[in-house]
Amino acid sequence: MTQITLIPGDGIGPEITEAVKAIFSAANVPVTWEEENAGQTTFDAKGELLPATLLASLEKNKVALKGPITTPVGKGFKSINVQLRQMYDLYANVRPAKTTPGITSRFENVNLVLFRENTEGLYSGLEIFDERLQIADSISRVTKIGCEKIVRAAFEYADRHGCKKVTVAHKANILKHAGAMLLSVSKEIAKDYPNIQMEDKIIDNMCMQLVMKPEQFDVIVTTNLFGDILSDLCAGLVGGLGVVSGANIGDNMAIFEAVHGSAPDIAGKGLANPTALLRSAIMMLHHIDLKDYAYKIETALDATLAHKEECTGDLGGSASTKEFTQNIIAKL
Ligand code: NAI
Ligand code: MG
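Note that the coordinates shown come from a computational prediction; the quantities given were computed from them, not determined experimentally.

Rules used in this analysis
Residues numbered from 1 in each chain as written. Chains lettered and ligands numbered in written order. Predicted model: local features only at pLDDT ≥ 70, side-chain atom pairs only at ≥ 80, totals over all residues. Helix = DSSP H or I, 4+ residues; strand = E, 2+ residues; numbered from the N terminus. Buried ≥ 20, exposed ≤ 12 C-beta atoms within 10 Å, placed from the backbone. Axes fitted to C-alpha atoms, helices over the stretch in contact; angles between N-to-C directions. Parallel < 35°, antiparallel > 145°, perpendicular 65-115°, else oblique. Left-handed = near helix turned anticlockwise from the far one by under 90°. Contact = placed C-beta atoms within 7 Å. Nonpolar A, V, L, I, M, F, W, Y, C, P; charged D, E, K, R; others polar. Near = placed C-beta within 6 Å. Pairing = 2+ DSSP bridges.

(A) The arrangement of unusual backbone geometry in detail. In this model, D89 sits at a positive phi of 50 degrees, which is unusual for a non-glycine residue. Among the secondary structure elements, D89 is positioned in the loop between α4 (80-87) and β4 (92-98). Backbone geometry at A263 places phi at a positive 40 degrees, although glycine is not the residue there. As for its placement among the helices and strands, A263 is situated in the loop between β12 (254-258) and α9 (275-287). Under the C-beta neighbour-count criterion, A263 is labelled buried, with 23 such atoms within 10 Å.

Structure below.
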């Protein structure tokens, strides 16, 4: 049995984590859950956004599944997602986007994986505000070692999965230092993978190519801010944030998460779609080498998604979260 830290999160978080737990248990997946929450719920209960008990659980189990978290609005509340990524050096944000039969989108054959650097760049937290002059600086710090880690992760993934091409998205023509580093490091690392083609695209062109001809991409690697934007753009190519998975992976820990928010407008109503979290949980099963269980659950999920009427309202169906979950379980 592998023990996993389970962070239910806020809003619809508990409903979609219950769905994943039910499906895992019906599929006899050999994992146990250690539940530790964070966010608005723990803040209201004990004044802690990121409780020490959660951190201890993460440090012990090293693998977690996380529901969406509400970061309270106001000064001094740092995003929990950003904190976890920086505390544990979860440098690779991995976001697959694949067309699924049954899920409405504009394209038919999208199958790509985006590797976003997750700890540096414009999100380094190096922010200076000169009150008197009213000048704001947000410094984009990019390190060679940081570039090497994310580019290596992308090529390793491409190599393991038989992908033919890695596309480096950058703005090296304008950002002479922070932008150029990713590109020069990529050219070096690509030499270690003679069977994988490396191409580079300037970020603005990359955006146009992605919305016009996304089928041409395989693995994409980019820096933090560009990756944040591109990852949601890619989700939009295959049906949106409600159906795509995401993972934050470091050398010593990995947190798999729903990439959508806590959806307070539908929380507690039995309307939430658990697909995004379930797909992240399937990625997690690959990560901990329980691949047979991953394929089994994925097959049942895809078979359910192919029938709109068996799905939740956001996918065009009329099933509740629980009914959708049961429909998946029935196909295991
Ligand atoms: P949201 O993703 O929560 O909701 C946007 C729209 O999508 C809403 O209409 C919602 O009902 C719908 N939606 C989202 N997930 C759904 C699902 N699984 N099934 C069916 N419908 C779904 O984004 P919003 O409203 O901007 O943010 C709400 C809260 O979530 C904020 O407090 C924000 O900070 C937090 N948030 C947390 C994230 C995380 O923990 N990873 C990511 C994004 C936002
Ligand atoms: Mg984002």
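(B) Structural detail: the packing of helix α1 (residues 13-26) against helix α11 (residues 321-330). Look at α1 against α11: their axes get within 10 Å of each other, and the N-to-C directions meet at 20 degrees. Classified by the angle their axes make, α1 and α11 are roughly parallel. Handedness of the crossing formed by α1 with α11: right-handed. Residues E15, A19, A22, I23 and A26 of α1 lie in contact with α11, whose contacting residues are T321, T325, I328 and I329. Its residues assigned to classes, the contact of α1 with α11 shows 6 nonpolar, 2 polar and 1 charged.

(C) View of the packing of α1 against α9. It is at 9 Å that the axes of α1 and α9 come closest, and there the two elements cross at 45 degrees. Comparing the axis directions of α1 and α9 gives the class oblique. The interaxial crossing formed by α1 with α9 has right-handed handedness. Between α1, through I16, T17, A19, V20 and I23, and α9, the contact on the second element is made entirely by L277, L278 and A281. The residue makeup of the contact of α1 with α9, split by class, is 7 nonpolar, 1 polar and no charged.

(D) Highlighting the site of ligand 1. If you check the shell around ligand 1, you find 21 residues, and the closest are T70, H260, G261, A263 and N273. Taken together, the residues that form the shell around ligand 1 break down as 10 nonpolar, 8 polar and 3 charged.

(E) Quick look at the sheet that holds strand β2 (residues 31-35). Across the sheet, 10 strands lie side by side as β2-β1-β3-β12-β11-β4-β5-β10-β8-β9; this open sheet has mixed pairing. Of all strands in the sheet, those bounded by a partner on one side alone are β2 and β9 (197-202). Strand-to-strand, the axes of this sheet are offset by a mean angle of 25 degrees, without reference to chain direction. Summarising the sheet, strand β3 (residues 63-66) and β12 pair through 4 bridges and their orientation is parallel. Each residue of the ladder has a partner; that of L65, found in β12, is F256. Relative to the sheet, helix α8 (residues 224-237) contacts β4, β5 (111-117), β8 (165-170) and β10 (219-222), its axis offset from that of β5 by approximately 160 degrees.

These values are about where atoms sit, not about what they do.
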